[in-house]
Each structure stands twice: as structure tokens, then as C-alpha cells.
Amino acid sequence: MSKTHLGHRARKRFGQNFLHDQNVIANIVHAINPQPGENLVEIGPGLAALTEPVAEASGLLQVVELDRDLAERLEQHPFLQDKLQVHRGDALKTDFQQFTREGKKLRVFGNLPYNISTPLIFHLLSFSGAIQDMHFMLQKEVVERMAAEPGSKAYGRLSVGVQQACEVIPVLEVPPGAFNPPPKVDSAVVRLIPYEQPPHSVKDRKRLHQVCLTAFNQRRKTIRNNMRALMTAEQLEALGIDPSARPETLSVEQYCAIANWLSENS
């Protein structure tokens, strides 16, 4: 049986799972709390489950959609066409800075395709200065990783990268049955609020991401082993970091210290 919805077949290559549960939709829109005149941008509007109520509340909405059929449907939508600006393209390659207007920061939201959620979050962090907040539906496990504390199994590269830039607030959990077709995993909505002044500043976010990739590449090894190509045990100790510690025990602040040291010394 092909899964179609309003004549549109969910495409596996786009990771499409369409939200249809009205209670869940209402809860997400309530969490976003769109207001008239705000600068809202939706990634992957799909069949407009969130698009319609958000556009109704805000009066205008910019959307980024990769699927040509869906973009066309939105452009011709009887209720939405006057309230939408449709940008056809890949959110991973989109310059989100272009959506800012009259000094109004962006409020970004979307039911993100699970296969691109992590790279897309990192892409958006590079525009964090232009973003007021973000609300995303993600795999529950991804939200748990974003919010994880040092020392936990879920804590890793994503936790450090996101927590350095944003306050992370898990909002609600969403069962598979809320989607068509139902995904094989539980989902959750997260609110990310970029810091005006991050508690742990970092000179170069790309450097921080590289450090985390290197550090968490082999979680069972010590930080000394994993960072060997970049710095010595003595240099780690000088930053107040125990070289024999495991990567998941280091705090966001300690990873920022390593990244800043490398920015200054490489």
C-alpha cells in the first residue's frame, strides 16, 4: 500500500512523515505561540499541518521547501498563497540571514526530516545571531542528546555544540501514530533559544565542532588519546582538564576552553 495524503505520496528520500494528529498540532502551535507581525520561517512545511495555523496567527510566513510538488501546492493554496513566501530549495544550503527584516529576528520552526536534522541544526547555529528562537520536531533521541548532561550516555558532540549556543528546552513528546506514515521512533519537540551572550564563549564555532568530532570519535578512549594529534597531556592539564578523563565527562565549558586554546595556538 502506498502511503498517500491529500494525493501526495510521502517520499522516502526526503524523509517525509506528515503530521496529522490535531491535538499534537495544536500543542506545537501553542508552544511556538506565533504573533502577528513576527518574522517566522518554517523549514519543510510538507502538507501545511503547522503552516496553516501559524500563518493564520502571524499573517505572513516564509517557508523553505525542497519538494517541488509540495512547493507548488503551497504556492497555489487557496487559503495560504497570500500569507506565504515560498523559497524552493535545500534548507542545508539556505542562507537564513536573507530572511531577516527591519531588525526583526527569525523565529524558525519545522518538523525536520530525521535524516538531516543534525547537520541542519549545526547549519542554523551559524546564523544564531539572527535567530530569536527555534522549535523543531525531531527524533526523541536527538532531543535527549541535545539536552544531555556531561557523564550521561546521550551526551556528545550535539550536546556540546547546541548547548554552547542555545538554551535547550524539551517541550513535548509525540508518538509515532501522530504521523502518516508513522515513523519507527518516538518524536519530541524542542525549543532552542540562542544566547545573546553565551555563558561559555568560543572564538570559532567550527573549531569547537571539530574538537568535539575528534574527542567523541572514540568514546571509550581517554581525552588524551583522542586529542593526541592536536595537543599534549600537559597542555590539557594546563587548561584544568584531566588527560585520563573520558570525553563524555568533560563539560561544555571545558570543550570551549580546548577550542579557544587551539584557535590561539595553531
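Keep in mind the model is a prediction, meaning the values are calculated, not measured. (Residues numbered from 1 in each chain as written. Predicted model: local features only at pLDDT ≥ 70, side-chain atom pairs only at ≥ 80, totals over all residues. Heavy atoms only, no water.)

## What to know about the UniProt feature "binding site: S-adenosyl-L-methionine" (unreviewed entry) in the chain
Short version of the rule: UniProt positions are given in the numbering used here, feature names are shortened, and annotations may be inferred rather than shown by experiment. Numbering of helices and strands starts at the N terminus; helices are DSSP runs of H or I of at least 4 residues and strands are runs of E of at least 2. Two N or O atoms form a polar contact when they lie within 3.5 Å of each other; inside protein one atom must be a possible hydrogen donor and the other a possible acceptor, and for residues adjacent in sequence the pair counts only when both atoms belong to side chains. Every residue pair with non-hydrogen atoms within 4.5 Å of one another is taken to be in contact.
Under the local residue numbering, the UniProt record ascribes the feature "binding site: S-adenosyl-L-methionine" (unreviewed entry) to Asn-17, Leu-19, Gly-44, Glu-65, Asp-90 and Asn-111. By secondary structure assignment, the location of Glu-65 is in strand β5 (residues 61-65). Within the structure, the side chain of Glu-65 is placed 3.1 Å from the backbone nitrogen of Gly-46, a separation counted as a polar contact. Those residues in contact with Asn-111 that lie beyond four places of it in its chain are Asn-17, Leu-19, Ile-43, Gly-44, Met-137 and Phe-179.

## Things to note about the UniProt feature "domain: Ribosomal RNA adenine methylase transferase N-terminal" (unreviewed entry) in the chain
Within this numbering scheme, the UniProt entry marks residues 24-196 as carrying the feature "domain: Ribosomal RNA adenine methylase transferase N-terminal" (unreviewed entry). Along residues 24-196, the helical share is 29% and the strand share 28%, with 31 Å between the first and last C-alpha atoms.

## A short note on the pairing of strand β4 (residues 39-43)
Just so we agree on the cut-off: The buried label applies to any residue whose accessible area, calculated with a 1.4 Å probe on protein chains only, is under 20% of its type's maximum; exposed applies above 50%, and partly exposed to all values in between. Strand pairing follows a simple DSSP-based rule, namely that at least 2 bridges must link the two strands. The handedness rule is simple: strands pointing away from the viewer, and a clockwise path from the first strand over the helix to the second, make the crossover right-handed.
Among the five residues of β4, five are classified as buried, and the element is accordingly described as predominantly covered. Residues Asn-39, Val-41 and Ile-43 of β4 are buried on one face, and the alternating residues Leu-40 and Glu-42, pointing to the opposite face, are buried as well. Relative to β5, β4 runs parallel, the two being bridged by three bridges. Bridge pairing in β5 places Val-41 opposite Gln-62. Tracing the backbone out of β4, into helix α2 (residues 51-58) and back to the parallel element β5 gives a crossover that is right-handed.

## Section: the side chain of Gln-164
Relative to the helices and strands, Gln-164 resides in helix α6 (residues 157-165). Within the local environment of Gln-164, its side chain forms a polar contact with the backbone oxygen of His-200, the two atoms lying 2.9 Å apart. For Gln-164, the contacting residues outside a window of four places in its chain are Tyr-195, Pro-198, His-200, Ser-201, Val-202, Arg-205, Leu-208, Val-252 and Cys-256.

## What about the pattern of salt bridges?
This is how the line gets drawn: We define a salt bridge as a side-chain nitrogen of Lys or Arg found within 4 Å of a carboxyl oxygen belonging to Asp or Glu.
Using the criterion set out here, one finds nine salt bridges in the structure. Of the charged contacts, one joins Glu-75 and Arg-88 as a salt bridge, the two residues approaching to 2.6 Å between their closest N and O atoms. Of this pair, Glu-75 sits in helix α3 (residues 68-75) while Arg-88 sits in strand β6 (residues 84-88), and the two are 13 residues apart along the sequence. Classification of Glu-75 by relative accessible area gives partly exposed; the value is 32%. Classification of Arg-88 by relative accessible area gives partly exposed; the value is 42%. With its nearest N and O atoms 3.6 Å apart, the salt bridge here joins Arg-145 to Glu-141.

## Notes on the packing of helix α7 (residues 205-216) against helix α10 (residues 252-265)
Cut-off, in case you're wondering: Each axis is a line fitted through C-alpha atoms, and for a helix only the stretch in contact is used; angles between axes span 0 to 180 degrees, taken between their N-to-C directions. Here a crossing is taken to be left-handed if its near helix is turned anticlockwise relative to the far helix by less than a right angle, and right-handed if that turn runs clockwise. Following the grouping adopted for this structure description, the nonpolar residues are Ala, Val, Leu, Ile, Met, Phe, Trp, Tyr, Cys and Pro, the charged ones are Asp, Glu, Lys and Arg, and the polar ones are all others, Gly among them.
Contact geometry of α7 with α10 gives a least axis separation of 9 Å together with a crossing angle of 115°. Viewed along their axes, α7 and α10 form a crossing whose handedness is right-handed. On the side of α7, the interface is formed by Arg-207, Leu-208, Val-211, Cys-212, Ala-215 and Phe-216, while α10 contributes Tyr-255, Cys-256, Ile-258, Ala-259, Leu-262 and Ser-263. Residues of the contact of α7 with α10, tallied by class, amount to 10 nonpolar, one polar and one charged.

## Thoughts on the pairing of strand β8 (residues 131-139)
The side chains of a regular strand alternate between both faces of the sheet. Of all nine residues making up β8, eight are buried, and the element is well covered by its neighbours. Relative to β8, strand β7 (residues 106-111) is paired through six bridges, and the arrangement is parallel. Looking at β8, one finds that Phe-109 is bridged to His-135. Here β8 pairs with strand β11 (residues 187-194) via six bridges, running antiparallel.

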